[in-house]
Amino acid sequence: MFGLDKKDKSLLAIVAILTLLAPFILNPFPTDSAMAQFNAGYPDLMQRFVIFGIFAVGFNILFGLTGYLSFGHAAFLGVGSYSAVWMFKLLSYNIIPAIILAVIIAGLFSLLIGFVSLRRSGIYFSILTLAFAQMSFALAYSVLSNPKFNLTNGETGLQVYNDDPQILQGANAPDLPHLFGLSMRSTYTMEIGPWAFDFNAGYYVCAVIMMVAFYLAIRIFRSPFGMMLRAVKSNQQRMNYTGLNTRPYTLAAFVISGMYAGLAGGLMAAMDPLAGAERMQWTASGEVVLMTILGGAGTLIGPVLGAGFIKYFENIFSKINDNVLHGWFAFLPDGLEDFVVTIIHPFVGKGWHLTLGLMFMMVVIFLPGGLVEGGQRLAAWVRGKRNKGKDKTTGKTEPAE
Amino acid sequence: MDAILLQILNGLDKGSAYALIALGLTLIFGTLGVVNFAHGALFMIGAFCAVTLQRVLNLSFETIDETQKDFLGNPLKVKTPYVEAWFGPEAGAWIIDWAVPLALVIAIPIMLLVGYVMERGLIKHFYKRPHADQILVTFGLAIVMQEIVKYFFGANPIQTPPPDALNGVANVGMLIGMDIVYPVWRIVYFCFATLIIGGIFAFLQFTTFGMVVRAGMADRETVGLLGINIDRRFTIMFGIAAAVAGLAGVMYGPINPPNYHMGMDFLVLSFVVVVVGGMGSLPGAVLAGFLLGILESFASTTWATTTIPGINQIIIYLVAIIVLLTRPRGLMGRKGVMEE
């Protein structure tokens, strides 16, 4: 089925199960328990998980396969968001045309930028994409928002107003992004005992799209085209000497990953019909780089894991404050408790970026393959132990998360 | 004519900052072949050296002055900074007033140390890894440095005023018979930058150490085979590059109040400057720094911004893209260096 081998099929199945059952998996704690703040199963965050998953999967097609490190992918995400909101403004709140336009415009935009940037490689490529991204940010933030020609609405961000044409908007269609009438915000809450699980329409739209995107990524990874990209990564010069022009391949990879970013941007706008320039800033590009590397560049599942990991910590880790910490370490003697809390305090709450930075550095230094490699090493280590006949293993082989 | 000169002056101070950071970046790239994304963070740490010194100097103790009453009739509490108590009121006030220039003295050893530790502790292990890894690890380091500074100093910009004597404006046009009024501190900054840049070039050109470093930049292996410990010298150069960035940051405080992410804002532009100047070319970095600074200030004039709105925001990137496409090695880059 789907033209995949057994291993990829099980990978796809795992991703499908994880995404479809996410409302259950991410809400393991009863709603009124003390641990409820670690529940990540609310629609807003779940949507972000899958949207950034798409973004990272797309980025990985470029970076993981060809080794070209782009620091400008957020620009495509932003362009996607802007085009989607324009579609809402001009046509209707139906998300299908918005997402299609977002992908197309982001694809064209990345074709333009890729055509120029890919003339260079290595550091120059990174810096060129960085320059382009900052330029797009400046364009969106100030240049294209003057009264004569207001494309982006500058600092306020592009949004839908009452006097917009919306020529296809039906009389009784919802006044929010919807899929043929199904509002993206509609949520069904299932309560089982003390647990509550949210099933959000927007999340499932994103999840289905992400599975399609993930499937396409698998196909690209396993195709001759993917092999060619890997060859470019391992030795571009040799490819050139064999008489092959690598530029079309890298450009195609760049455009594909740009379209993934545009898709993510379009979905972001579909969940919340607003587009701001800050999405295009180069630190936002840095974030997707973090996700991909943290999860494991060049692997299929890695970027998805990385995106989930970072978004989870961004939203959950940053909520831990001193009170929570005191609650955790209450069993320690008083002086020690305060001491431990003081030590941990800089790393949680507002300081979670510090943890992220440190973790990222550790990953780059010790685990160039990211979390996936970490999981594999752990698995190999456990297996090795078992083979030696030491019966101490407890089967902890899941990826380090 | 006045307006043109004013814009050139305006460009010079921003250009000085670009040139100093780009010079450090180029030194690191030219010697160690590493792209240092944490260089902006070093600039920021320099600026916060000044902030720290200013805070330390303002540490004070309270005494109760029985002769004066505050508006509630209680004895007035008077805060006296320790330095005023130690050195006498006048000298103490002078020291506090000159906190920013004095910070240069503490910034030099701090930045040399930071640079040394950074190179020995982290970057050393990345010479054999791909450029992408170097970019990533220094990017991570930049985030960590930023967050540490944010933890101690908060996220808001902190005012670091220049000394009173250098705060204000001067009519710099008098010498040439024109009327151009310009903030004194910016002129100081420009002179300072020129001094540092001149110092670095002189150091490389006229000392034995500098000669060895230049030889190492040209052919590291041969220099190493001659029995010279080139690694140690390159480490010191890394420290010097960090110090240059730090000093640029110290002096930039009065122009733009330091905040924890000021480095990132400068970093991107400094990369562009390095690329335009030519990767690995020191004069190129300086020249491009000043040129782009001046270009940016011309693009910020009302005439330019009304013709093309927002041109000042994108002009540098546009120039960089054009330069990279037409002359990939940059303005003064040597042929064959990083042209891939």
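Residues numbered from 1 in each chain as written. Chains lettered and ligands numbered in written order. Predicted model: local features only at pLDDT ≥ 70, side-chain atom pairs only at ≥ 80, totals over all residues.

Here the focus is the overall build of chain B. When helices and strands are tallied, chain B shows 14 helices and four strands. What you see for chain B is a C-alpha radius of gyration of 22 Å, in line with the 20 Å of a compact globule of 340 residues. Over its C-alpha atoms, taken along the principal directions, chain B stretches across nearly 75 × 50 × 35 Å. By residue count, 46% of the 340 residues in chain B fall in the buried class. Of the contacts formed within chain B by residues at least 6 apart in sequence, a portion of 73% connects residues at least 24 apart. (Helix = DSSP H or I, 4+ residues; strand = E, 2+ residues; numbered from the N terminus. Rg over C-alpha atoms; globule rule 2.2 N^0.38 Å. Buried ≥ 20, exposed ≤ 12 C-beta atoms within 10 Å, placed from the backbone. Contact = placed C-beta atoms within 7 Å.)

Quick look at the overall build of chain A now. Helix and strand content of chain A: 16 helices and eight strands. Here the C-alpha atoms of chain A give a radius of gyration of 23 Å, agreeing with the 21 Å that 2.2 N^0.38 yields for 401 residues. Counting only C-alpha atoms and orienting by the principal axes, one finds that chain A spans roughly 65 × 60 × 45 Å. Burial analysis of chain A (401 residues in total) assigns 46% to the buried set. Within chain A, contacts between residues separated by at least 24 positions form 74% of all contacts whose residues are at least 6 apart in sequence.

Interfaces are often sized by the amount of accessible area the parts lose when they come together. Facing the 32 residues of chain B at the interface are 36 residues of chain A. Every element with two or more residues in the side of chain B that touches chain A is listed here: helix 6 (131-153), helix 11 (262-277) and helix 14 (311-326) of chain B. Residues that form the side of chain B that touches chain A fall into these classes: 25 nonpolar, four polar and three charged. (Nonpolar A, V, L, I, M, F, W, Y, C, P; charged D, E, K, R; others polar.)

Residues and elements named next belong to chain B. Little of strand 1 (residues 60-69) is tucked away, with zero of its ten residues classed as buried. As defined by bridge partners, strand 1 adjoins strand 2 (residues 75-81) across seven bridges and the pair is classed as antiparallel. Paired with Phe61 across the strands is Thr80, a residue of strand 2. From the end of strand 1 to the start of strand 2, which pair antiparallel, there are five residues, and Gly73 there has a positive phi angle of about 90°. (Pairing = 2+ DSSP bridges.)

A rise of 1.5 Å per residue sets the reference length of helix 6 (residues 122-143) of chain A, with its 22 residues, at 32 Å; its end C-alpha atoms lie 30 Å apart and thus fit the reference within 8%. Counting buried positions along helix 6 of chain A yields 20 of 22 residues, so the element is predominantly enclosed. (Expected span 1.5 Å × (residues − 1).)

It is characteristic of soluble globular proteins that their nonpolar side chains tend to be buried jointly. Grouped together as the largest cluster of nonpolar side chains are 219 residues, with contacts concentrated most on Phe55, Tyr260 and Ala264 of chain A together with Leu23 and Val272 of chain B. Leave out the neighbours within four places in its chain, and Val272 of chain B touches Ala131 of chain A together with Ile316, Tyr317 and Ala320 of chain B. (Core = buried A, V, L, I, M, F, W, Y, C linked by C-beta atoms within 7 Å.)

Attention now goes to the pairing of strand 7 (residues 195-200) of chain A. All names here are of chain A. Direction of pairing for strand 6 (residues 187-192) relative to strand 7: antiparallel, over a ladder of six bridges. If you follow Met190 over to strand 7, its bridge partner there is Phe197. With antiparallel pairing between neighbouring strands as the criterion, strand 6 and strand 7 make up a hairpin whose turn holds two residues, including Gly193 at a positive phi of roughly 55°.

Any region with low pLDDT has predicted coordinates that should not be read closely. With 96% of its residues at a pLDDT of 70 or more, chain A shows a mean pLDDT of 84. Taken together, the stretch residues 391-401 of chain A has pLDDT below 50 and engages in 20 contacts with residues farther than four places along the chain or on a different chain. (pLDDT = per-residue confidence, 0-100.)

This next bit is on the packing of helix 3 (residues 43-66) of chain A against helix 12 (residues 302-316) of chain A. Residue and element names in this part refer to chain A. One way to put it is that helix 3 packs onto helix 12 with a least axis distance of 8 Å and a crossing angle of 140°. Here helix 12 runs oblique to helix 3, going by the angle between their axes. Read as a crossing pair, helix 3 and helix 12 show a hand that is right-handed. Of the residues in helix 12, those touching helix 3 at Leu45, Arg48, Phe49, Phe52, Gly53, Ala56, Val57, Phe59 and Asn60 are Pro303, Val304, Gly306, Ala307, Gly308, Lys311 and Asn315. Among the residues making up the contact of helix 3 with helix 12, the classes are represented as nine nonpolar, five polar and two charged. (Axes fitted to C-alpha atoms, helices over the stretch in contact; angles between N-to-C directions. Parallel < 35°, antiparallel > 145°, perpendicular 65-115°, else oblique. Left-handed = near helix turned anticlockwise from the far one by under 90°.)

It is worth spelling out the packing of helix 7 (residues 184-206) of chain B against helix 10 (residues 230-252) of chain B at this point. Residue and element names in this part refer to chain B. Running from N to C, helix 7 and helix 10 point in directions that differ by 170°, and their axes come no closer than 11 Å. The orientation of helix 7 relative to helix 10 falls into the category roughly antiparallel. For the pair helix 7 and helix 10, the contacting residues are Tyr189, Phe192, Ile196 and Ile200 in the first and Val244, Leu247 and Met251 in the second. Partitioning the contact of helix 7 with helix 10 into residue classes produces seven nonpolar, no polar and no charged.

Here we take up the UniProt feature "transmembrane region" (unreviewed entry) in chain B. Residues and elements named next belong to chain B. Annotation from UniProt places "transmembrane region" (unreviewed entry) at residues 15-35, 42-61, 91-114, 189-213, 233-254, 266-295 and 307-325. The span residues 42-61 is 80% helix and 10% strand, and its two end C-alpha atoms sit 33 Å from each other. For residues 189-213, the helix share is 96%, the strand share is 0%, and the end-to-end C-alpha distance is 28 Å. (UniProt positions renumbered as here; feature names shortened; annotations may be inferred.)

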